[in-house]
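Topology and contacts: notes
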Amino acid sequence: MFLISDLCTLLKSYLEPDQVKEVYRAYIFGADAHEGQQRLSGEPYIYHPLAVARILAEMRMDVKSIIAALLHDVIEDTPTAKDHLASEFGEEVAELVDGVSKLTQVKFESKAEAQAENFRKMMLAMVRDIRVILIKLADRLHNMRTLGVMPPAKRRRISKETLEIYVPIANRLGMHNLRLELEELGFKAAYPIRYRILEDAVKNARGNRSEVLEKIRKNIEERLHQEGIDVPVKGREKHLYSIYEKMRSKGLSFAEVFDVYAFRLVVDKPDTCYRVLGIIHSIYKPVPGKFKDYIAIPKANGYQSLHTILFGPYGIPIEVQIRTEDMEKVANVGIAAHWLYKSGGDGHRKDLAQEWLRGLLEMQQHAGNSQEFLENVKIDLFPDEVYVFSPKGDIMTLPRGSTIVDFAYAVHSDLGNSCVAGKIDRRLAPLRTQLHNGQTVEIISAPGAKPNPVWLDFVVSAKARSNIRSFLKRLKRGEAIQLGRRLLEKSLASFSANLDDIPESRINKLLEEFKLDKLDDLLEQISLGNRVALLVARQLTETGVP
Ligand code: MN
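Residues numbered from 1 in each chain as written. Predicted model: local features only at pLDDT ≥ 70, side-chain atom pairs only at ≥ 80, totals over all residues. Heavy atoms only, no water.

Description of unusual backbone geometry
- Residues other than glycine seldom take positive phi values, yet Arg 60 does so here, at roughly 60°.
- Of note, Arg 60 is situated in the loop between helix H3 (47-58) and helix H4 (63-70).
- Judged by relative accessible area, which is 22%, Arg 60 ranks as partly exposed. (Helix = DSSP H or I, 4+ residues; strand = E, 2+ residues; numbered from the N terminus. Buried < 20%, exposed > 50% of the residue type's maximum accessible area, 1.4 Å probe, protein only.)

And the structure:
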């Protein structure tokens, strides 16, 4: 059983004593808030947030993340309010917990796998602080580790969701270790039979190859030793899920995927990586076109390493990865390395994270600090779109700034043309209300309702704009004049005036200014959205003009 005292011991290795005290206080606060609640396993609830905090502490996340992890279910599952958290632990922690709660409220109930991509984007777009995602991933990891107590149907649903949503996010953020564990747990629970078959196959195959594997390993180690480089050559087991995925996506047989020997060498500095590569290429011939230099050109998620494939004995391919210890650490925790603290606990970020970030920044031709990097990641993760749900749970992607009217037209142009009101998260809202990520939007329509030219002032999507315009153009002249009159009267009413009371001289003057013949022409223009009713009304009622 992992206790708060264990967490504090772990944290003391990299946080200040004051910060560890603050974490302890957060634990007491969380335990009080969850008092009397239990997990399905029967344990007191607080063990769950404690375990989530531990996962983040093992990644050496900063003190605010650890505190937020201990409190991550407090807003969602207890009467504690965000303001209360802010006054106890500061605005930053309250924001983090609030962000995690908002993600928790969004339920992934898609029938179609195609929705998963949009859902991932929505999750990323919803958070203002990447740490919210890291806490959510740690939360999911602990839930996956303790999935056994759930009924089978729920187990399958949660694990598929993990594979479709959380694994790709962890991958995008370069969090290798966390991703691998989520994959294995998810695969095992979602496809128990396939998992068992592959597990057996690996067991059988492993026996046959261990001798050859050992021979190659020794051979490489000895040659490196002769050249004055002493590093352990580690064999790399392929994980079941990655074997499964390779077989599935590339249509390969088990033998084709499994009969690859994989090794990893972790050395002291980048220089050594290239020397080791040269030596290895002199032992076994490299397969042309398979060498990848991710040190000079890191992957988008910051991963660095040299990869090569060799022709091994009996024609068996050998995959080799060569990297430094620092690269290895970053490869394991990915973006979490940004919050890595120097062991010893003087509170400064580890140089290696800075190095990594700076390297990445230079690659992107940006000079600057790590803050800028995070901004860049955010721009990358926050596309210019909002993601909202239909009442049925379908995800709609709209341009940023879209309103209820844009949503209606995105569903169907008839719905847009006949919409009269909308509900956001089951509450009535004006049609011009801008939508935010994760909201559920419902359109109320009425037969015979018509688009209002005023909508052109606030819609942002091309589809809504062109539909409204073409509808207004199709209006017969008579109808258009009527509509224009209605709109103008409405606007005049806000100046306490009405059309019949406006002197004719005044109307004529305005018509002259607009180069129009008749009042009807002006009314038609208003209904077509070419003139704004409110502006016309103002001009008609302005005092001081004859
Ligand atoms: Mn939780």
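Still to come is the rest of the account.
Concerning the coordination of the manganese ion
- With distances of 2.2 to 2.4 Å, the protein atoms coordinating the manganese ion are His 48 (NE2), His 72 (NE2), Asp 73 (OD) and Asp 139 (OD).
- In the primary structure, the donors to the manganese ion are separated according to the pattern H-x23-H-D-x65-D. Remark: Asp 139 occurs in helix H9 (residues 130-145) and His 48 occurs in helix H3; sequence separation between them is 91 residues. Residues His 48 and Asp 139 agree in their burial class; the two are buried. (Donors = N, O, S within 2.8 Å, 3.2 Å for Na, K, Ca; no water.)

Concerning the packing of helix H6 (residues 82-89) against helix H7 (residues 91-105)
- It is the contact of H6 with H7, at a shortest axis distance of 7 Å, that shows an interaxial angle of 145°. In the packing of H6 onto H7, the handedness of the crossing is right-handed. Across from Lys 82, Leu 85, Ala 86 and Phe 89 in H6, the residues of H7 making contact are Glu 91, Val 93, Ala 94, Glu 95, Val 97 and Asp 98.
- Split by residue class, the contact of H6 with H7 holds 6 nonpolar, no polar and 4 charged. (Axes fitted to C-alpha atoms, helices over the stretch in contact; angles between N-to-C directions. Left-handed = near helix turned anticlockwise from the far one by under 90°. Contact = heavy atoms within 4.5 Å. Nonpolar A, V, L, I, M, F, W, Y, C, P; charged D, E, K, R; others polar.)

Brief notes about helix H11 (residues 176-190)
- When the terminal C-alpha atoms of H11 are compared, their 20 Å separation across 15 residues agrees well with the 21 Å that a helix rising 1.5 Å per residue should span.
- Regarding H11, the residues found buried are Leu 178, Arg 179, Leu 180, Leu 182, Glu 183, Glu 184, Gly 186, Phe 187, Ala 189 and Ala 190.
- On the buried face of H11, the contacting elements are H9, helix H10 (152-172), helix H12 (192-226) and helix H13 (240-250). (Expected span 1.5 Å × (residues − 1).)

Thoughts on the sheet that holds strand E4 (residues 306-311)
- Taken in spatial order, the 5 strands line up as E1-E2-E5-E4-E3 in an open sheet, and their pairing is mixed. Here the strands that pair on one side only, and so sit at the sheet edges, are strand E1 (233-235) and strand E3 (292-293).
- Of the pairings in the sheet, the one linking E1 to strand E2 (residues 261-267) comprises 3 bridges and is antiparallel in character. The residue bridging Gly 235 from the neighbouring strand is Phe 263, located in E2.
- Across the sheet, helix H16 (residues 325-333) lies against E2 and strand E5 (317-324), angled at about 105° from E5, the strand it touches most. (Pairing = 2+ DSSP bridges.)

What to know about the side chain of Gln 321
- Mapped onto the elements of the fold, Gln 321 is located in strand E5.
- Take Gln 321: its relative accessible area is 11%, and that puts it in the buried class.
- Within the structure, the side chain of Gln 321 is placed 2.9 Å from the side chain of Arg 323, a separation counted as a polar contact. (Polar contact = N/O pair within 3.5 Å; in protein donor to acceptor, adjacent residues only side chain to side chain.)

Examining the sheet that holds strand E9 (residues 427-429)
- Read across the open sheet, the 3 strands follow the order E9-E8-E10; overall the sheet is antiparallel. Across the chains shown, the open sheet's two edge strands, defined by having one partner strand only, are E9 and strand E10 (441-445). Each neighbouring strand pair of the sheet contributes to a mean axis angle of 35°, computed without reference to strand direction.
- As judged from the 5 bridges shared by strand E8 (residues 419-424) and E10, these two strands associate in the antiparallel manner. What sits directly across from Ala 421, in E10, is Ile 444.
- Along the sheet face, helix H19 (residues 404-411) touches E8, E9 and E10 and points at about 80° away from the line of E10.

Regarding the pattern of salt bridges
- Inspection of every chain in the model, using the stated rule, returns 24 salt bridges.
- The shortest N-O distance in the salt bridge between Glu 214 and Lys 218 comes to 3.6 Å. With a gap of 4 residues between them, Glu 214 and Lys 218 both fall in helix H12, about one helical turn apart.
- Between Lys 269 and Asp 268 there is a salt bridge whose closest N-O contact spans 4.0 Å.
- Judged by relative accessible area, Asp 268 falls into the exposed class, the value being 55%. (Salt bridge = Lys/Arg side-chain N within 4 Å of Asp/Glu carboxyl O.)

Some points on helix H1 (residues 4-12)
- Restricting attention to buried positions, one finds in H1 the residues Ile 4, Leu 7, Cys 8 and Leu 11. Viewed end-on, H1 has its buried residues packed into an arc of 100°, placing them on one side of the element. (Arc of directions from axis to C-beta.)

Observations regarding a nonpolar patch on the surface
- Taken together, the side chains of Phe 495, Val 532, Leu 534 and Leu 535 present a nonpolar region at the surface, about 310 Å² in accessible area.
- Structurally, Leu 534 can be placed in helix H25 (residues 533-541). (Patch = residues over 30% accessible without salt bridge, like charges linked within 9 Å, V, L, I, M, F, W, Y side chains within 5 Å. Areas by Shrake-Rupley, 256 points an atom, 1.4 Å probe, with all protein chains shown as cover.)

Describing the pairing of E2
- In terms of burial, E2 is largely enclosed, as 7 of its 7 residues are buried.
- Here E2 shows a buried face lined by Tyr 261, Phe 263, Leu 265 and Val 267 and a second buried face lined by Ala 262, Arg 264 and Val 266.
- Bridge count for E2 against E5 is 7 bridges, and the pairing is parallel. Each bridged residue has a counterpart across the sheet, and for Ala 262 the counterpart in E5 is Glu 319.

Details of the nonpolar core
- Ranked by internal contacts, the top residues of the largest apolar core, which has 79 residues, are Leu 7, Ile 66, Leu 71 and Leu 137.
- Of the residues forming this core, the biggest block, 9 residues, is contributed by H9.
- When near neighbours in sequence (up to four residues on either side) are disregarded, Ile 66 contacts Leu 7, Leu 11, Tyr 14, Val 23, Ala 53, Leu 56, Ala 57 and Met 61.
- Grouped together as the second largest cluster of nonpolar side chains are 46 residues, Leu 510, Phe 514, Ala 533 and Ala 537 included. (Core = buried A, V, L, I, M, F, W, Y, C linked by side-chain atoms within 4.5 Å.)

Here we look at the confidence of the model for the protein
- Chain-level statistics for the protein give a pLDDT mean of 84 and a share of 86% at 70 or above.
- Between residues 341-382, whose pLDDT stays under 50, and residues either more than four places distant or in other chains, the model counts 80 contacts. (pLDDT = per-residue confidence, 0-100.)

Remarks on the environment of Thr 272
- Structurally, Thr 272 is set in helix H15 (residues 270-283).
- Assessed through its relative accessible area of 8%, Thr 272 is described here as buried.
- Along the chain, Thr 272 and Ile 322 lie 50 residues apart, while their C-alpha atoms are 9.1 Å from each other.
- Among all residues touching Thr 272, those that are not within four sequence positions of it are Ile 229 and Val 267.

Comments concerning the packing of aromatic side chains
- Summed over the entire model, instances satisfying the criterion amount to 9 aromatic pairs.
- Ring geometry for Tyr 24 against Tyr 27: centres 6.5 Å apart, planes inclined by 35°, an arrangement best described as tilted. Here Tyr 24 pairs with Tyr 27, and both are found in helix H2 (residues 17-33), just 3 residues apart, close to one helical turn.
- Residue Tyr 27 is classed as buried on the basis of its relative accessible area, which comes to 14%.
- Relative to Tyr 191, the ring of Phe 187 lies with its centre 6.2 Å away and its plane at 50°, an arrangement referred to as tilted.
- Take Phe 187: its relative accessible area is 0%, and that puts it in the buried class.
- One aromatic cluster is present, built from ring pairs that chain together Phe 187, Tyr 191, Tyr 195, Tyr 241 and Tyr 244.
- If you follow Arg 531 out to its NZ or CZ, it ends over the ring of Phe 514, 3.8 Å from the centre. (Phe/Tyr/Trp six-rings, centres within 6.5 Å; stacked < 30°, edge-to-face > 60°. Lys NZ or Arg CZ within 6 Å of the ring centre and 35° of its normal.)

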